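Commentary on secondary and tertiary structure
Letter by letter, the chains look like this.
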Amino acid sequence: MKANGDAQCLVLGAGIVGVSTALALQAHGLQVLLVDRQGPGKETSFGNAGLIQREAVVPYAFPRNWGKVVEVALRQGNDVHYHLGALPSLVGPLWRYRWHSEPERHAAIARSYATLIEQSITEHVTWIEMSGASDLVKKDGWVQAFRSNKAFEAAASESQARATGFGLNVDVLGRDGMRARLDALRTDLLQGAIHWLDAWTVSDPGALVGRYTKLFLANGGRLALGDACSLRSTGQGWAVKTDHGIAEAPSAVVALGPWATTVLSRLGYRLPIFVKRGYHRHYDGGARLKIPTLDAEHGVMMAPMSRGLRLLTGAEFAAAAAPPTPVQLAVAERTANELIDIGDPVDPQPWLGARPCTVDMKPIIGAAPRHNGLWFNLGHGHQGLTLGPASGRLLAELILGVAPYIDPAPFSPRRFT
Ligand SMILES: Cc1cc2nc3c(=O)[nH]c(=O)nc-3n(C[C@H](O)[C@H](O)[C@H](O)COP(=O)(O)OP(=O)(O)OC[C@H]3O[C@@H](n4cnc5c(N)ncnc54)[C@H](O)[C@@H]3O)c2cc1C
């Protein structure tokens, strides 16, 4: 039985990346079947900080400063945590991540990465307007706040250089500026802040993916529950098992976020992807905070969301399936409470997600090197919510064989084969 009618493309994974890819393919007139093992936007795309980071032209590098490495190794900071048992399998990817973070390589990566990030807002705008999701979006940017003068001064000069180099809008706030703009916080504990003005923020990222999916369905797209691990080549195309039977199409897109490696290893691909786990929890206080703010030295993001104040943590290096160890969240609660009364937890348990990161900090967008009709859109790391629509458009253009709107070469899967 064929479950998909006349689908011309299967898109596996209904996070922001898969849904945006499905919308972009549909806009070119393709019949698309979106397949997920649960509903759309229920995983990483649900639990993030909701930032559409137009300013994130420079991806997060492995720290080059040995003091920072020692701080992480000794577990002295809160922005990074690790499971000792996970380190043997992480040594290889982290070593490559460090190699790509060497200043000249990192600068070249940022120049490529910027070409995609620059499109992030304009590509979201199309789907925000068409899906009627403007009520979920604010255009007030986000803030990095600093408790020490040293960290503030370094960040201020880096932000000015980035703003000049990439044409970004930023306000560097001293004490008076903070008092006026961040009046919800105890600014007497802060030395200064960087306000990135070009970013947009989303009050419920999972709901945004839901709206985009509704638009896709309203325009004739189809959604099925199914397990992408059943993906197989049929000779003429690709097939996957869904709740309605076997779905087949000439082409398939793997947009499975942190789970892409599980499915692709069955097809013989060993992509250099590792995860940086992260936690969030909502609280019923902090209602006066209107702009998402990072307590930079403590690695805690405070994001006002529909469900309450969402506290989010930095990176945890652990096996993807290891049980949650939300030690960073415990510190986050304490340090955030110094800046704002966070109130009581709304969620019974912390949420745990995983950023799907590549060793060279760029997503993997393009044709599978060894299989006809198979395409990748994955590895969006810290900026998948930001990049979903921009990456979706690029991949759709590659699949359709129309001139891509930006140079796809820096994102090609072939760079790893
Ligand atoms: C704490 C935290 C904060 C973040 N903050 C931000 C931010 O502010 N801004 C930003 O841009 N990014 C942020 N990110 C990163 C961003 O959330 C991710 O890069 C993005 O959500 C990845 O999207 P995706 O569609 O690739 O993956 P996902 O959203 O994880 O989607 C993958 C989909 O695949 C499905 N799936 C998995 N396995 C199977 C299978 N076997 N069969 C069928 N379906 C399957 C899942 O159900 C899921 O729906 C953050 C991430 C974390 C963890």
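Reading the values: rules and limits
- Residues numbered from 1 in each chain as written.
- Predicted model: local features only at pLDDT ≥ 70, side-chain atom pairs only at ≥ 80, totals over all residues.
- Heavy atoms only, no water.
- Domains from an automatic or database assignment.
- Contact = heavy atoms within 4.5 Å.
- Salt bridge = Lys/Arg side-chain N within 4 Å of Asp/Glu carboxyl O.
- Polar contact = N/O pair within 3.5 Å; in protein donor to acceptor, adjacent residues only side chain to side chain.
- Helix = DSSP H or I, 4+ residues; strand = E, 2+ residues; numbered from the N terminus.
- Nonpolar A, V, L, I, M, F, W, Y, C, P; charged D, E, K, R; others polar.
- Pairing = 2+ DSSP bridges.
- Axes fitted to C-alpha atoms, helices over the stretch in contact; angles between N-to-C directions.
- Core = buried A, V, L, I, M, F, W, Y, C linked by side-chain atoms within 4.5 Å.
- Buried < 20%, exposed > 50% of the residue type's maximum accessible area, 1.4 Å probe, protein only.
- 1 Å grid on protein atoms, 1.4 Å probe; cavity = no way out; pocket = protein on both sides within 12 Å on 5 of 7 lines; lining within 4 Å.
- Points joined across faces, edges and corners; volume = space filled by probe spheres on them.
- Near = heavy atom within 4 Å.
- Areas by Shrake-Rupley, 256 points an atom, 1.4 Å probe, with all protein chains shown as cover.

**Observations concerning the domain arrangement of the protein**
Along its sequence, the protein is carved into domain 1 (9-46 + 206-270 + 360-416) and domain 2 (66-99 + 134-202 + 273-358). Of the residues lining the interface, 21 residues belong to domain 1; the matching set on domain 2 comes to 16 residues. One can count one salt bridge joining domain 1 with domain 2. The closest approach of N and O atoms between Arg211 and Asp135, which form a salt bridge, is 2.9 Å. Where domain 1 packs against domain 2, one counts eight residue pairs in polar contact (both at pLDDT 80 or more). Per-element accounting of the side of domain 1 that touches domain 2 gives the leading share, three residues, to helix α9 (residues 205-218). Tallied by class, residues from the side of domain 1 that touches domain 2 come to nine nonpolar, seven polar and five charged.

**Quick look at the sheet that holds strand β11 (residues 232-233)**
Read from one edge of the open sheet, three strands run β11-β12-β13, paired in antiparallel fashion. If you trace the sheet from one side to the other, it starts and ends with β11 and β13 (245-249), each paired once. Alignment of β11 against strand β12 (residues 238-242), held across two bridges, turns out to be antiparallel. Paired with Arg232 across the strands is Ala239, a residue of β12.

**Considering the sheet that holds strand β14 (residues 251-254)**
What the six strands build is an open sheet, ordered β10-β2-β1-β14-β22-β21; its pairing is mixed. Two strands close off the open sheet at either side, each with one partner strand: β10 (222-225) and β21 (364-367). Between one strand and the next, the sheet's axes are offset by a mean angle of 20°, whatever the strand orientation. Pairing between strand β2 (residues 32-36) and β10: four bridges, direction parallel. Paired with Leu33 across the bridge in β10 is Arg222. The strands that helix α1 (residues 16-27) touches are β1 (9-12), β2, β14 and β22 (374-378); relative to β2, the one it contacts most, it runs at about 170°. Contacting β14, β21 and β22, helix α12 (residues 384-400) crosses the sheet at an angle of about 165° to β22.

**Quick look at the nonpolar core**
Core analysis: the largest hydrophobic core is formed by 66 residues, its most contacted members being Leu25, Leu116 and Val253. Apart from residues no more than four positions distant in its own chain, Leu116 is found in contact with Pro363, Ile365, Leu387, Ala390, Ser391, Leu394, Tyr405, Ile406 and Phe411. With 43 residues, the next largest nonpolar core counts Phe274, Val359, Met361 and Ile364 among its residues.

**Side note on the environment of Ser230**
Mapped onto the elements of the fold, Ser230 is located in the loop between β10 and β11. With 59 residues separating them along the chain, Ser230 and Leu289 place their C-alpha atoms 45 Å apart. Apart from residues no more than four positions distant in its own chain, Ser230 is found in contact with Ala239, Val240 and Lys241. In terms of polar contacts, Ser230 uses its side chain to reach the backbone carbonyl oxygen of Asp227, at 2.6 Å. Only 2.9 Å separates the side chain of Ser230 from the backbone nitrogen of Lys241, close enough to count as a polar contact.

**Topic: empty space enclosed by the protein**
Within the structure shown, the criterion is met by one cavity of 30 Å³ or more. In this structure, the largest cavity spans a volume of roughly 130 Å³. Lining of the largest cavity is provided by 15 residues; of these, Pro59, Cys357, Met361, Gly381 and His382 occupy positions nearest its centre. Only β15 (273-283) and β20 (351-358) provide two or more residues apiece to the lining of the largest cavity.

**Some points on the pattern of salt bridges**
All chains considered together, the criterion is met by 17 salt bridges. Its salt-bridge partner being Arg181, residue Asp171 comes within 2.8 Å of it at the nearest N-O pair. Pair noted here: Asp171 is in strand β7 (residues 170-173) and Arg181 is in helix α8 (residues 175-181), with a separation of ten residues, a long-range link. As a salt-bridge pair, Arg415 and Asp360 come within 2.6 Å of each other at their nearest N and O atoms.

**Thoughts on the site of the ligand**
Taken together, 34 residues surround the ligand, and among them Asp36, Thr44, Ser45, Ala228 and Thr386 come closest. Between Val17 and the ligand, the recorded distance is 3.1 Å, taken from a backbone N or O atom to an oxygen atom. Ala228 places a polar main-chain atom, nitrogen or oxygen, 2.8 Å from a nitrogen atom of the ligand. Within the complex, the protein chains bury 98% of what would otherwise be the 1,000 Å² of accessible surface of the ligand. The set of elements that each furnish at least two residues to the shell around the ligand consists of α1, α2 (44-47), β20 and α12. Top element by residues in the shell around the ligand is α12. It accounts for three residues. Grouping the amino acids of the shell around the ligand by side-chain chemistry returns 13 nonpolar, 16 polar and five charged.

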